[in-house]
Amino acid sequence: MRKKIIAGNWKMNQTPKEAEKFIRDCKEKVKSDKADVVFCVPFVDLAAALDLLKNTGIAVGAQNMHFEDKGAFTGEISGKMLAEMGVQYVINGHSERRQYYAETDQAVNMKVKKALADALIPIVCVGESLEQRKQGVTVDFVRMQVKIAFKDIPAGSARKAVIAYEPIWAIGTGETATSEQAEEVCAAIRQTIAEMYGRETAEVLRVQYGGSVNAESAAELFAMPNIDGGLVGGASLKPEFAAIVQTAGV
Ligand code: PEP
């Protein structure tokens, strides 16, 4: 049975001082022995988060990385740098990065490969736009994103990754996919992994749903057979995050 994973994506929120206060206030409430809990924080908050979350069982993740170890890439941070700090997870291919920073499927593939090589767990984001959903190509589009993101990655590495299905129209909009819509695509993602790597890998790899998850919607979403938890944006910055984590443990 797959352990649920609830990751909070803080996006570009919380200065180091704010992060410190926030973590001190909430860390006891978001601890769980039933689900993996991850705080994906801005780069400048990583040091404080790692320090404050030591020995709590709550993991720390970054929100992006470069696919090279080092070099002339001004403003970038490598997976190797994150791993050396003790960071365990990294979000790859979030739709906001694809949309605002022109991150391509090929770049996402290079990042996922590098994250796994650096012993980081990539949270690989995929998801369709509203237009694609209206055109009826959601499953085809998401399957393509998964195939490219995992191109040339062996099964032994791929099984460690997490895939987050995040329909773009549901991110930060307050509009959550229904549990049936989310389950349909998460099942298709698992089927794609099964076709690429075999059923055993597909049964191990965790698939999250993300897109305006809140304390009300979480229980129904996480009860779906192919939804192994959530990637939570806005609600991860509120006390509500603790209730979402507790839902995953039921
Ligand atoms: C996200 O940032 O990945 C996300 C799902 O955001 P929100 O929960 O705010 O829609």
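Higher on the page you've got the structure.
I will try to describe carefully the structure that is included in this document. Just so it is clear, the structure is predicted and the values come from calculations on it, not from any experiment. (Residues numbered from 1 in each chain as written. Predicted model: local features only at pLDDT ≥ 70, side-chain atom pairs only at ≥ 80, totals over all residues. Heavy atoms only, no water.)

So, helix α1 (residues 16-30)
A rise of 1.5 Å per residue sets the reference length of α1, with its 15 residues, at 21 Å; its end C-alpha atoms lie 19 Å apart and thus fit the reference within 8%. Within α1, the axis deviates most sharply at R24, by approximately 35°. Among the residues of α1, those classed as buried are A19, F22, I23, C26, K27 and V30. Those residues of α1 hidden inside the fold are in contact with β2 (35-40), α2 (46-52), β3 (58-62) and α12 (240-248). (Helix = DSSP H or I, 4+ residues; strand = E, 2+ residues; numbered from the N terminus. Expected span 1.5 Å × (residues − 1). Bend = angle between axes of the 7 residues up to and from the residue. Buried < 20%, exposed > 50% of the residue type's maximum accessible area, 1.4 Å probe, protein only. Contact = heavy atoms within 4.5 Å.)

Digging into the site of the ligand
Neighbouring the ligand are 14 residues, the closest being K11, E166, G172, S212 and G234. K11 places a side-chain nitrogen or oxygen 2.8 Å from an oxygen atom of the ligand. In the environment of the ligand, an oxygen atom lies 2.7 Å from a nitrogen or oxygen atom belonging to the side chain of E166. In isolation the ligand has 300 Å² of accessible area, and contact with the protein removes 96% of it. Grouping the amino acids of the shell around the ligand by side-chain chemistry returns 4 nonpolar, 8 polar and 2 charged. (Near = heavy atom within 4 Å. Polar contact = N/O pair within 3.5 Å; in protein donor to acceptor, adjacent residues only side chain to side chain. Areas by Shrake-Rupley, 256 points an atom, 1.4 Å probe, with all protein chains shown as cover. Nonpolar A, V, L, I, M, F, W, Y, C, P; charged D, E, K, R; others polar.)

As for the nonpolar core
Residues I6, F39, F150, I189, Y209 and F222 are the most contacted members of the largest nonpolar core, which totals 66 residues. The biggest single contributor to this core is helix α9 (residues 179-197), with 7 residues. If near-sequence neighbours (up to four positions away) are discounted, Y209 is found in contact with Y165, P167, A170, T176, A177, A182, L221, I227, G229, G230 and L231. Membership of the second largest hydrophobic core comes to 12 residues, among which are I5, Y89, C125 and V162. (Core = buried A, V, L, I, M, F, W, Y, C linked by side-chain atoms within 4.5 Å.)

Brief notes about the layout of surface pockets
As a volume, the largest pocket reaches approximately 580 Å³. K11, M12, Q63, R97 and Y101 are the residues nearest the centre of the largest pocket, which is lined by 22 residues in total. Ranked by residue count, the leading element in the lining of the largest pocket is helix α4 (residues 95-100), at 3 residues. Along the lines of polarity and charge, the residues of the lining of the largest pocket split into 10 nonpolar, 8 polar and 4 charged. Quantified by volume, the second largest pocket comes out at close to 250 Å³. Along the walls of the second largest pocket sit 19 residues, with G172, S212, V213, G234 and A235 positioned nearest its centre. A per-class count over the lining of the second largest pocket returns 5 nonpolar, 10 polar and 4 charged. (1 Å grid on protein atoms, 1.4 Å probe; cavity = no way out; pocket = protein on both sides within 12 Å on 5 of 7 lines; lining within 4 Å. Points joined across faces, edges and corners; volume = space filled by probe spheres on them.)

Just geometry here; none of it tells us what the structure is for.
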